[in-house]
There are 2 protein chains.
Amino acid sequence: MSVGLLLITHHELGKALLNTAVGTLGHNPFCSATLSVARELEPEVFNARATRLVNEIDSGDGVLVLTDMYGSTPGNIACCLRNDHRIAVVAGVNLPMLLRIFNYAQLDLDELTEKALSGGRDGVIHCPNRCPSES
Amino acid sequence: MSVGLLLITHHELGKALLNTAVGTLGHNPFCSATLSVARELEPEVFNARATRLVNEIDSGDGVLVLTDMYGSTPGNIACCLRNDHRIAVVAGVNLPMLLRIFNYAQLDLDELTEKALSGGRDGVIHCPNRCPSES
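Remember, it's a predicted structure, so these values are computed and weren't measured experimentally. (Residues numbered from 1 in each chain as written. Chains lettered and ligands numbered in written order. Predicted model: local features only at pLDDT ≥ 70, side-chain atom pairs only at ≥ 80, totals over all residues.)

Caption draft 1: Structural context of the interface of chain A and chain B. On the chain B side, the residues contacting the 41 residues of chain A number 41 residues. Among the secondary structure elements, those contributing two or more residues to the side of chain A that touches chain B are α1 (13–25), α3 (73–79), β4 (87–91), α4 (95–102), α5 (109–122) and β5 (125–127) of chain A. Per element, the largest residue contribution to the side of chain A that touches chain B is six residues, and it comes from α1(A). For the side of chain A that touches chain B, the class distribution of residues is 22 nonpolar, 14 polar and five charged. Alignment of β5(A) against strand β4 (residues 87–91) of chain B, held across three bridges, turns out to be antiparallel. Each bridged residue has a counterpart across the sheet, and for A:I125 the counterpart in β4(B) is B:A91. (Contact = placed C-beta atoms within 7 Å. Helix = DSSP H or I, 4+ residues; strand = E, 2+ residues; numbered from the N terminus. Nonpolar A, V, L, I, M, F, W, Y, C, P; charged D, E, K, R; others polar. Pairing = 2+ DSSP bridges.)

Caption draft 2: Structural detail: the nonpolar core. Core analysis: the biggest nonpolar cluster contains 84 residues, and A:V65 and B:V65 have the highest contact counts within it. The residues touching A:V65, leaving out its near neighbours within four places in the chain, are A:L6, A:I8, A:A78, A:L81, A:I87, A:A88 and A:V89. (Core = buried A, V, L, I, M, F, W, Y, C linked by C-beta atoms within 7 Å. Buried ≥ 20, exposed ≤ 12 C-beta atoms within 10 Å, placed from the backbone.)

Caption draft 3: How the structure looks around the packing of α1(A) against α4(A). Residue and element names in this part refer to chain A. Here α1 crosses α4 at 50 degrees, and the two axes come no closer than 10 Å. As far as their axial angle goes, α4 and α1 are oblique. The interaxial crossing formed by α1 with α4 has right-handed handedness. Residues L17, T20, A21, T24 and L25 of α1 touch α4, and the partners they reach there are L95, L98, L99 and F102. Grouping the amino acids of the contact of α1 with α4 by side-chain chemistry returns seven nonpolar, two polar and no charged. (Axes fitted to C-alpha atoms, helices over the stretch in contact; angles between N-to-C directions. Parallel < 35°, antiparallel > 145°, perpendicular 65-115°, else oblique. Left-handed = near helix turned anticlockwise from the far one by under 90°.)

Caption draft 4: The arrangement of the pairing of strand β2 (residues 31–37) of chain B in detail. Residues and elements named next belong to chain B. Direction of pairing for strand β1 (residues 4–10) relative to β2: parallel, over a ladder of seven bridges. Looking at the pairing, T9 lines up with S36 of β2. Note on the crossover from β1 through helix α1 (residues 13–25) to β2: the handedness is right-handed. (Right-handed = clockwise from strand over helix to strand, strands pointing away.)

Caption draft 5: A look at helix α2 (residues 43–57) of chain A. Residues and elements named next belong to chain A. Look at α2: 21 Å from first C-alpha to last across 15 residues, which is about the 21 Å you get at 1.5 Å a residue. Taken as a whole, α2 has its buried residues at F46, A50, L53 and V54. Down the axis of α2, the sector holding all buried residues measures 100 degrees, keeping them to one side. Across α2 from its buried face, at more than 90 degrees, point the exposed residues E44, A48 and R52. Tucked inside the fold, the buried residues of α2 contact β1 (4–10), β2 (31–37), β3 (63–67), α3 and β4. (Expected span 1.5 Å × (residues − 1). Arc of directions from axis to C-beta.)

Caption draft 6: Quick look at the sheet that holds β1(A). The mixed open sheet is built from five strands, whose spatial order is β2(A)-β1(A)-β3(A)-β4(A)-β5(B). Where the open sheet ends on each side, the last strands, each with one partner, are β2 of chain A together with β5 (125–127) of chain B. Between one strand axis and the next, the sheet turns through 25 degrees on average, direction left out of account. Together, β1 and β2 of chain A form the strand contacts of α1(A), whose direction differs from that of β1(A) by roughly 135 degrees. Where α2(A) meets the sheet, it contacts β1, β2, β3 and β4 of chain A, and its direction lies at approximately 175 degrees from that of β2(A).

Caption draft 7: Region of the structure containing the relation of the copies chain A and chain B. Mapping chain A onto chain B calls for a rotation angle of 180 degrees and an axial translation of 0.0 Å; the resulting RMSD is 0.0 Å. The superposition of one copy onto the other is thereby described by a two-fold rotation axis. A symmetric contact is evident, with 100% of the interface residues of chain A recurring at the interface of chain B. (Least-squares fit on C-alpha atoms with pLDDT ≥ 70 in both.)

Caption draft 8: Broad picture of unusual backbone geometry. Residue A:H11 is not a glycine yet carries a positive backbone phi of 45 degrees. With respect to the element layout, A:H11 can be found in the loop between β1 and α1.

Caption draft 9: Expanded view of the sheet that holds β4(B). Sheet architecture is open: five strands sit in the order β5(A)-β4(B)-β3(B)-β1(B)-β2(B), paired in mixed fashion. Each edge of the sheet is formed by a strand with only one pairing partner; in this case those strands are β5 of chain A together with β2 of chain B. Strand-to-strand twist across the sheet, computed as the mean angle between neighbouring axes with direction ignored, equals 25 degrees.

Dropping the structure here:
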């Protein structure tokens, strides 16, 4: 099982997240791509680019699309993806979401989507004001 | 009420998030700063920088510190902040979290922390595969 991973975000947010995740775990288990959406261009330009990227990274098991916010321009581009591929879209991407799915890259698209959702939500934490060395 | 906002993240993640939020809403209601944590330097270097930034942005109502992941180096730097300021730390920062608190910048530190937590979690969404124009 080898789901593709596409990040569609404002500007360089997706690249920054992906680079951090890869740097943290030391490898990228996905065939992945990022699409940086700039305000200066029409959304239609990015719709075509997103479709082309999905075509490139889908090996037959579908593509998980992560985006920064539902209802934003990148989110709308993600939701509008239409083609012959299996696609799931999850908004609100953060680093815990990305690291969670990096650890479950072998799952199928539905299972991986659930991991993205739980990883993203579980990672939102009110942290104790205590150094790890003191715990 | 004027809480300060500090983002402590890996590399350029915090700057990318803040720039996107400011670009989306057209303004930044906070006295804010970002700290980009690089792997190449010792964490102690960043502890001192974080303390200095808190000193700069706290106008007396405390500082909300957002970080990318609990348990990561930036998260640990955030949790280790010690000084005479009121500080709350929330991990798992994403764009919905940031936009939520931008809309409630007048709240006090405890209320703003709750908004950050709910905004971050509520923003993690399994999106419908449907163009907004079709809904």
